[in-house]
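Listed below are the residues making up each chain.
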Amino acid sequence: MAFTTVKVAVKLTVGGLALYGLSEILSSQDDTMKHMPTQTKIKQSWNSGVQRAFSGLEQAPQTAWELGTRGAHSAKTFIQEQLK
């Protein structure tokens, strides 16, 4: 019984310390975010190559979707023609 009580007390203490540490980390991040540069300042400091690369990465999901759709349509058409 005493051992179980000690185990529970240790678990509660560790959990409380973890929550306290988490709250300290989150509050320190709030201060850090206040000193972060804005998105506009970052974009203005990048050269054209970096902007072009990130623009391509930004459009990649939509482009992949469009190419996949076209490929699926082409495959469907090809199979239908082969089955005729």
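Criteria and thresholds
The residue count restarts for each chain, going from 1 along the sequence in the order it is written. Per-residue local features are limited, in this predicted model, to residues with pLDDT of at least 70; the limit for side-chain atom pairs, both in listing and counting, is 80 or more; totals at the level of whole chains, interfaces and linings are taken over all residues. With hydrogens and water stripped out, all remaining heavy atoms of the structure feed into the side-chain values. Numbered from the N terminus, helices here are DSSP runs of H or I no shorter than four residues, and strands are runs of E no shorter than two. The buried label applies to any residue whose accessible area, calculated with a 1.4 Å probe on protein chains only, is under 20% of its type's maximum; exposed applies above 50%, and partly exposed to all values in between. Only the protein chains shown count as cover for residues, with accessible areas throughout obtained via the Shrake-Rupley method and a probe of 1.4 Å. Under the convention used throughout, the expected extent of a helix is 1.5 Å for every residue step, that is, one less than its residue count. Given a residue, its bend is the angle between the two axes fitted to the seven residues that end at it and to the seven that start from it. Any residue with relative accessible area above 30% and no salt bridge may belong to a patch, with like charges joined within 9 Å and the nonpolar Val, Leu, Ile, Met, Phe, Trp and Tyr side chains within 5 Å. Here, a salt bridge means any side-chain nitrogen of Lys or Arg that lies within 4 Å of a carboxyl oxygen of Asp or Glu. On a scale of 0 to 100, pLDDT captures the predictor's confidence in every residue.

An unreviewed UniProt entry annotates the chain as MICOS complex subunit MIC13 of Acropora cervicornis.

J.: Looking at this structure, how should I read the overall build of the chain?
T.: A tally of regular secondary structure across the chain gives three helices and zero strands. Ordering the α and β elements of the chain from the N terminus gives α-α-α. In the chain, which comprises 84 residues, the proportion classed as buried is 0%. Summed over all atoms, the accessible surface of the chain reaches about 7,900 Å², with 65% contributed by carbon and sulfur.

J.: How do you make sense of helix 3 (residues 48-83) when you look at a structure like this?
T.: In an α-helix, one full turn covers 3.6 residues, which means residues spaced three or four apart are oriented alike. Between its terminal C-alpha atoms helix 3 stretches 50 Å, which fits the 52 Å expected from 36 residues at 1.5 Å a residue. Where helix 3 bends most, at Ala60, the angle is about 50°, and the proline Pro61 comes one to four residues later.

J.: Any chance you could explain the environment of Thr69 here in plain terms?
T.: Secondary-structure assignment places Thr69 in helix 3. Using a relative accessible area of 42% as the deciding quantity, one classes Thr69 as partly exposed.

J.: Hey, could you run me through a nonpolar patch on the surface in this one?
T.: On the surface, a cluster of nonpolar side chains totalling about 380 Å² of accessible area is made up of Ile42, Trp46, Phe54 and Leu57. Relative to the helices and strands, Leu57 is located in helix 3. Of the residues examined, Leu57 reaches a relative accessible area of 58% and is grouped as exposed.

J.: Just checking my understanding: could you explain the confidence of the model for the chain for this structure?
T.: Interpreting fine coordinate detail is not advised for predicted regions of low pLDDT. Per-chain confidence: the chain averages 79 in pLDDT, with 80% of residues scoring 70 or above. Within the chain, helix 2 (residues 39-45) has the poorest average pLDDT of any element, 71, and helix 3 the best, 88.

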